[in-house]
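Each chain, letter by letter, is given below.
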Amino acid sequence: RPAPDTRRKRKGEVELDCATGEISIEGRRIFLRSKERSVLATLLHARGGVVSKAAMLERDTDPGVVSENAIEAIVYRLRKALADHDCKVSVETIR
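Below you will find a few notes about this structure.

Rules of the game
- Throughout, a residue's number is its position along its own chain's written sequence, starting from 1.
- A pLDDT threshold of at least 70 governs which residues receive local features in this predicted model, and a stricter bar of 80 or more applies before side-chain atom pairs are shown or counted, although totals over entire chains, interfaces and linings include all residues.
- Values reported for side chains reflect all heavy atoms of the structure, with hydrogen atoms and water molecules removed beforehand.
- In this analysis, strands are considered paired if DSSP registers two or more bridges between them.
- Segments assigned H or I by DSSP are reported as helices when at least four residues long, segments assigned E as strands when at least two residues long, and all are numbered from the N terminus.
- Between the N-to-C directions of two axes lies an angle of 0 to 180 degrees, each axis being a line fitted to C-alpha atoms and, for a helix, fitted only over the stretch in contact.
- Whether a residue is buried, partly exposed or exposed follows from its accessible area with a 1.4 Å probe, protein chains only, as a fraction of its type maximum: under 20%, in between, or over 50%, in that order.
- Every residue pair with non-hydrogen atoms within 4.5 Å of one another is taken to be in contact.
- By salt bridge we mean one thing: a side-chain nitrogen of Lys or Arg within 4 Å of a carboxyl oxygen of Asp or Glu.

### Re the sheet that holds strand S1 (residues 8–11)
At step 1: With antiparallel pairing, four strands are arranged side by side in an open sheet as S1-S2-S3-S4. At either margin of the open sheet sits one strand with a lone partner, and together these are S1 and strand S4 (28–30). Averaged over neighbouring strand pairs, the angle between their axes works out to 30 degrees when direction is ignored.
At step 2: Examined bridge by bridge, strand S3 (residues 23–25) and S4 share three bridges and lie antiparallel to one another. Residue Ile-23 lies in a different strand from S4, and its bridge partner there is Ile-30.

See below:
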């Protein structure tokens, strides 16, 4: 049995190629801005687990993201982008 491909992260029909940063939905490449791509990568790495805003801020090395409010805006744009591509994977907020 072949070893799993650790260079790719997948949840439902969403796939991230960790080597290139490319995102695809059901095999169709989509464009996400770097911030949305970074948040999606963080969520995919968590394999469906809960990721706090603080953890997202810690992981993001871009100095442009400095607040939990910024994370909320990025998650909103990520949700919209996934919905625009008819993606069935959802990003949920737990309060």
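### Some details on the environment of Ala-46
At step 1: Here Ala-46 lies in the loop between helix H1 (34–45) and helix H2 (53–59).
At step 2: Given a relative accessible area of 27%, Ala-46 falls into the partly exposed group.
At step 3: Between the C-alpha atom of Ala-46 and that of Lys-9, which follows or precedes it by 37 residues, the distance is 9.8 Å.

### With respect to the pairing of S1
At step 1: One ladder, built from four bridges, connects S1 with strand S2 (residues 14–17); its direction is antiparallel. Each residue of the ladder has a partner; that of Lys-9, found in S2, is Leu-16.
At step 2: Between S1 and S2, which pair antiparallel one after the other, the connecting turn spans two residues, and Gly-12 there sits at a positive phi close to 60 degrees.

### Quick word on the environment of Thr-42
At step 1: Within the secondary structure, Thr-42 is located in helix H1.
At step 2: Look past the residues within four positions of Thr-42 in its chain and what remains in contact with it is Val-51, Met-56 and Arg-59.

### What to know about the pattern of salt bridges
At step 1: Counted by the stated rule, this structure contains eight salt bridges.
At step 2: Of the charged contacts, one joins Arg-33 and Glu-36 as a salt bridge, the two residues approaching to 3.6 Å between their closest N and O atoms.
At step 3: For Arg-33, a relative accessible area of 47% puts it in the partly exposed group.
At step 4: Judged by its relative accessible area of 3%, Glu-36 is buried.
At step 5: A salt bridge links Lys-53 to Glu-72, with the shortest nitrogen-to-oxygen separation between them at 2.3 Å. With Lys-53 in helix H2 and Glu-72 in helix H3 (residues 68–84), this residue pair connects regions lying 19 residues apart in the sequence.

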